[in-house]
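# A look at the structure
This is what each chain is made of:
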Amino acid sequence: MEAKLKKELGTTMLKSTGHTGGGCISEGQSYETDNGRVFVKINHKSEAKQMFDGEMASLEAILKTETVKVPKPVKVIELDTKGCVFVMEHLDMRSLNKFSKQLGEQLADMHMHNKRQLEKLSKEQQTVGKGAGQSEVAAVEKFGFHGTTCCGYLPQDNEWMEDWVTFLSRNRLQHQLNLVEKSYGDREARELWAGLQRKIPQFFTDLEIAPALLHGDLWGGNVAECADGPVIFDPSSFYGHSEFELGITGMFGGFNSSFYSAYHAKIPKAPGFEKRNQLYQLFNYLNHWNHFGGGYRGSSIKVMKDLLK
């Protein structure tokens, strides 16, 4: 692997720093190279290339917003043996602590970035003699993403759609429930979903939703801070409802009240927020059920029952 890395990165030096990291899905370590320090994620699954390509596209999209710090992606490299590596900038990270408020502000800025681009575009189109295409970053008018991204190792259906409620129901919730059905054939989940599907539009009445660029998997394990501010990593991006991001933030801890206060000072809670938050948590519980097994069945069923009350 190291010879391949040297060749692909065009470096004569490739020395492990002894710094390792990783999560439930991939392992990783840092190396010194001729061009500075890099962090290399390794995954031996057959789907690794698709997963890393999606992560690279996500990081590139977030970088373009110039709102919140992410590691700069370098290259996805297929190994001669099975699997793939993803090379990115090495960042000296520690647990999120003093920059919680700043993360809330920057995340809200990231979520509002596309809406601002859309407003700018509409203004440009109304200005005589100036057509579209003046903005640096293209405005996105639909929900989805320009490639497959994986939440964990499961690929998401990011096919573009005009309507958020349809995208959420079909491409997120139905997609997860199809996987549950395939693995477990759970009758109760199937019956609850049949009822919930009909009810979902009610949670979105009188709500105007502009597509927002999301990190897509923002649990406490994917946030940290550097000396100069917060950093987010391991994204699974797509354009969706900004509230979707907050579903998982509330599930496993790691975000304090200063994060939420700063975020909501910029993006206030809309009426019906709590119910929709449960709906977005449902996606994450189902995704965990599909990744880690039946330990997440109870939470998934409970949320569906609560939403049907």
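Only a predicted model underlies this, so the values are computations on that prediction, with no experimental measurement involved.

### What to know about the packing of aromatic side chains
By the definition in use, this model includes 17 aromatic pairs. Taken together, a centroid distance of 6.4 Å and an interplanar angle of 10° make the contact between W164 and F238 stacked. Of the two residues, W164 is situated in helix 4 (residues 164-184) and F238 in strand 11 (residues 238-240); the sequence distance between them amounts to 74 residues. Classification of W164 by relative accessible area gives buried; the value is 2%. Using a relative accessible area of 0% as the deciding quantity, one classes F238 as buried. Pairing F244 with F283 gives two aromatic rings, centres 5.3 Å apart and planes at 50°, and the pair type is tilted. Residue F244 is found in helix 6 (residues 244-249), and its partner F283 is found in helix 8 (residues 273-292); the two are separated by 39 residues along the sequence. For the pair formed by F244 and F283, the shared burial category is buried. One Lys or Arg, K45, reaches over the ring of Y153 and ends 4.4 Å from the middle of that ring.

### Observations regarding the state of the cysteines
Overall, the coordinates contain zero disulfides when judged by the stated rule. No disulfide involves C84; its sulfur sits 12 Å from the nearest other cysteine sulfur, which is in C150. By relative accessible area, which is 0% here, C84 ends up buried.

### Focus on the pairing of strand 5 (residues 84-89)
Burial analysis of strand 5 places five of its six residues in the buried class, the great majority of the element. Both strand 3 (residues 36-43) and strand 5 contribute to a ladder of six bridges, which runs antiparallel. Pairing of N43 across the sheet is with C84, part of strand 5. Relative to strand 5, strand 4 (residues 73-78) runs antiparallel, the two sharing five bridges. Its bridge partner lying in strand 5, K75 is registered against V87. Where strand 4 folds back onto strand 5 in an antiparallel hairpin, the turn is made up of five residues, including G83, whose phi is positive at roughly 110°.

### Describing the nonpolar core
W164, L173, L196, F204, I232, L279 and M304 are the most contacted members of the largest nonpolar core, which has 70 residues in total. If sequence neighbours within four positions are ignored, F204 has contacts with W164, V165, L168, I209, H241, R276, L279 and Y280. The next biggest cluster of nonpolar side chains, apart from the first, holds 11 residues, and it includes L5, Y31, V40 and V85.

### Section: the pairing of strand 9 (residues 223-226)
Alternating residues of strand 9 divide into V223 and E225 and A224 and C226, and every residue in both groups is buried. By the bridge criterion, four bridges tie strand 9 to strand 10 (residues 229-232) in an arrangement that is antiparallel. Counted as the bridge partner of C226 is G229 from strand 10. Linking strand 9 back to strand 10 in an antiparallel pair, the connection comprises two residues.

Parameters at a glance
Residues numbered from 1 in each chain as written. Predicted model: local features only at pLDDT ≥ 70, side-chain atom pairs only at ≥ 80, totals over all residues. Heavy atoms only, no water. Phe/Tyr/Trp six-rings, centres within 6.5 Å; stacked < 30°, edge-to-face > 60°. Helix = DSSP H or I, 4+ residues; strand = E, 2+ residues; numbered from the N terminus. Buried < 20%, exposed > 50% of the residue type's maximum accessible area, 1.4 Å probe, protein only. Lys NZ or Arg CZ within 6 Å of the ring centre and 35° of its normal. Disulfide = S-S within 2.5 Å. Pairing = 2+ DSSP bridges. Core = buried A, V, L, I, M, F, W, Y, C linked by side-chain atoms within 4.5 Å. Contact = heavy atoms within 4.5 Å.

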